[in-house]
Structure formats: C-alpha cells, structure tokens
Amino acid sequence: MAGHSKFKNIMHRKGAQDKKRSAMFSKLSREITVAAKMGLPDPDMNPRLRLAVNAAKAQSMPKDNIQRAIDKASAAGGEDYEEIRYEGYGPGGIALIVEALTDNRNRTATNVRTAFSKNGGNLGASGAVSHGFDRMGLITYPASAGDEEKVLEAAMEAGAEDIESTEDGHDIWTSMEDLHAVAGALEKTLGEAESVKLAWRPQVKVDVAEADAQSLFKLIDALDDDDDVQTVWGNYEVSDAVMEKLG
C-alpha cells in the first residue's frame with residue numbers, strides 16, 4: 001500500500017490485479033492482527049484496530065477475513081509481528097520511508113536493502129530522512145464526495161489542518177491527535193472516507209525528472225511487492241507530462 005496519492009496512477013499500469021488484491025488483503029490482515037494484539041480486540045475500544053478495520057472495509061475485504069484476522073491475535077502460538085521503519089533515498093535523491101510489519105527482522109532488512117540497491121537507491125540509517133516529513137493524520141475521499149469547495153468547507157468545519165484536492169480525489173490532513181475526531185465529523189457531512197490513517201507528509205515535495213521516474217517506480221513496486229512492507233511514503237511529485245511519457 002503505497003503512501004503517496006501519485007502511486008494510484010502507477011497502479012493502473014500494472015497487470016496481475018488479482019495477485020495485488022490478495023497481497024493487499026494479506027497486508028491489511030497483518031495490521032488488523034497486530035492492532036488487536038496491542039489493545040482490546042474491539043474496534044470501538046481500540047483506535048488503531050478501528051483504523052485497520054476501516055482500511056480493510058474501504059478495500060472491500062470480506063467481513064469473515066476481518067474477523068479471522070482479529071481472532072488470530074488471541075490465538076495461541078500466533079505470529080509475533082514487529083514494527084520496523086526503514087529510511088533511504090531513491091533515484092534522484094528522493095526521500096523514502098518504508099513501514100514494515102515482520103516476524104523475521106533479518107529477512108525484511110535484506111529484502112528492503114536489496115530492493116533499494118537494485119533500483120538505484122540507498123538505504124540509510126534510522127532518522128536519515130524522517131526529519132523532512134511530518135507525522136500526521138490522513139483522510140482520503142474520492143472525487144465523487146464533492147467539489148473542492150464543498151470538501152474544503154467540511155474539512156475546515158471538522159478541524160482539519162489542510163486539504164489537497166486533485167481530479168483523483170481529496171487528501172485531508174489533520175494532526176495525529178485529531179485524526180479520529182476529524183474523521184468522525186467528516187463522515188457526518190461527506191459520508192464514509194476511502195481511508196483514514198497515520199501518514200508521513202513531506203515538508204517539501206521534489207519534482208522527479210523523467211530519467212529518474214521509471215527507476216523510482218520500479219523501486220517502489222519492488223518494495224510494495226514485499227509481503228512485510230505495509231506502506232511506502234515519499235517526497236516525490238510526478239508531473240502529468242512525465243506520467244504520460246511513461247505510459
């Protein structure tokens with residue numbers, strides 16, 4: 001699940017959608033299990049679990065799968081997943097943050113390092129790039145939720161900090177602490193969100209040159225294809241002209 005909205009454009013260029021869907025369900029299930037293990041197995045009493053369940057519902061994950069993932073948290077001998085964050089640079093000096101949930105730290109570190117090195121990137125030390133990002137809440141709505149003015153008004157009323165609207169949809173940013181309250185208020189005016197999650201927002205976005213774009217997307221694809229990787233965040237901006245040339 002890539003963190004940047006531009007990644008939606010890339011997904012349309014990829015085949016094997018069924019395989020992608022299965023991999024996405026696997027990642028969503030893993031997050032649900034970890035969230036349920038860290039707190040109560042009740043989404044109403046566990047904010048992180050509520051986020052995970054809502055994310056799964058937004059991707060049309062069957063209720064049985066969601067319940068199975070919750071039940072797995074209390075099952076004896078279930079996997080123990082560890083949260084790890086990797087930071088590094090992609091082609092053109094693009095900063096990337098990779099969030100993973102793994103039951104084998106060595107395997108994941110090797111896979112992430114290999115993905116970076118094979119695709120023109122460099123894996124850095126912890127904290128290498130995160131100082132250039134803010135940890136915030138992110139609520140996304142499809143374009144069908146309303147025009148920019150309607151969504152902006154709703155977001156301001158709900159106490160959001162910022163909004164970015166494109167023809168693909170709306171990204172509404174909040175402080176970490178206000179995420180649940182803002183999401184709840186927006187649901188009353190705009191309906192259910194496409195996703196509600198904690199995110200890494202770049203303080204400055206970098207335009208990706210055409211020469212670097214292809215290899216950057218290959219790197220992000222390689223990371224996203226790893227079962228242990230949950231989300232890839234980046235500070236990249238890709239112009240429509242470059243996207244069209246990449247086809």
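Just so it is clear, the model here is predicted, and its values are computed rather than measured.

If you walk across this open sheet you meet the 4 strands as E3-E1-E2-E9, and the pairing is antiparallel. Each having just a single partner strand, strand E3 (122-123) and strand E9 (229-234) make up the two edges of the open sheet. As paired elements, strand E1 (residues 82-89) and E3 share 2 bridges and run antiparallel to each other. Paired with glycine 88 across the strands is leucine 123, a residue of E3.

Time to look at the UniProt feature "domain: TACO1/YebC-like second and third" (unreviewed entry) in the protein chain. Following the UniProt record, the feature "domain: TACO1/YebC-like second and third" (unreviewed entry) maps to residues 81-235 here. What you have in residues 81-235 is 34% helix and 35% strand, and the ends, taken at the C-alpha atoms, are 27 Å apart.

Turning our attention to the sheet that holds strand E4 (residues 133-142). With antiparallel pairing, 4 strands are arranged side by side in an open sheet as E5-E6-E4-E7. At either end of the open sheet lies a strand with only one pairing partner, and these are strand E5 (162-166) and strand E7 (195-202). Here the strands of the sheet are splayed against their neighbours by 30 degrees on average, with no regard to which way each runs. Sheet topology places E4 next to strand E6 (residues 169-174); 6 bridges connect them, and they run antiparallel. The residue of E6 that forms the bridge with threonine 140 is aspartate 171. Along the sheet, helix H7 (residues 179-190) contacts E4, E6 and E7; its crossing angle with E4, the most-contacted strand, is approximately 15 degrees.

All right, on to the domain arrangement of the protein chain then. When cut into domains, the protein chain gives domain 1 (15-72), domain 2 (82-129 + 202-244) and domain 3 (134-199). A separation of 25 Å is found between the C-alpha centroids of domain 2 and domain 3. Contacts between the two partners involve 4 residues from domain 2, matched on the other side by 7 residues from domain 3. In this assembly, domain 2 and domain 3 are joined by 2 residue pairs in polar contact (both at pLDDT 80 or more). Residues belonging to the side of domain 2 that touches domain 3 are distributed by class as follows: 1 nonpolar, 1 polar and 2 charged.

A word on the packing of helix H6 (residues 148-158) against H7. Direction vectors running N to C along H6 and H7 enclose 140 degrees, while the axes themselves pass 9 Å from each other. As far as their axial angle goes, H7 and H6 are oblique. Two packed elements cross with a definite hand, and for H6 against H7 that hand is right-handed. Residues Lys150, Val151, Ala154, Ala155 and Ala158 of H6 form the contact with H7, whose own contacting residues are Val182, Ala185, Leu186, Thr189 and Leu190.

This paragraph deals with unusual backbone geometry. Positive phi is not limited to glycine here, since serine 60 has a value of about 60 degrees. If you trace the backbone, serine 60 turns up in the loop between helix H3 (47-58) and helix H4 (63-74).

The rules behind the values
- Residues numbered from 1 in each chain as written.
- Predicted model: local features only at pLDDT ≥ 70, side-chain atom pairs only at ≥ 80, totals over all residues.
- Heavy atoms only, no water.
- Pairing = 2+ DSSP bridges.
- Helix = DSSP H or I, 4+ residues; strand = E, 2+ residues; numbered from the N terminus.
- UniProt positions renumbered as here; feature names shortened; annotations may be inferred.
- Axes fitted to C-alpha atoms, helices over the stretch in contact; angles between N-to-C directions.
- Contact = heavy atoms within 4.5 Å.
- Domains from an automatic or database assignment.
- Polar contact = N/O pair within 3.5 Å; in protein donor to acceptor, adjacent residues only side chain to side chain.
- Nonpolar A, V, L, I, M, F, W, Y, C, P; charged D, E, K, R; others polar.
- Parallel < 35°, antiparallel > 145°, perpendicular 65-115°, else oblique.
- Left-handed = near helix turned anticlockwise from the far one by under 90°.

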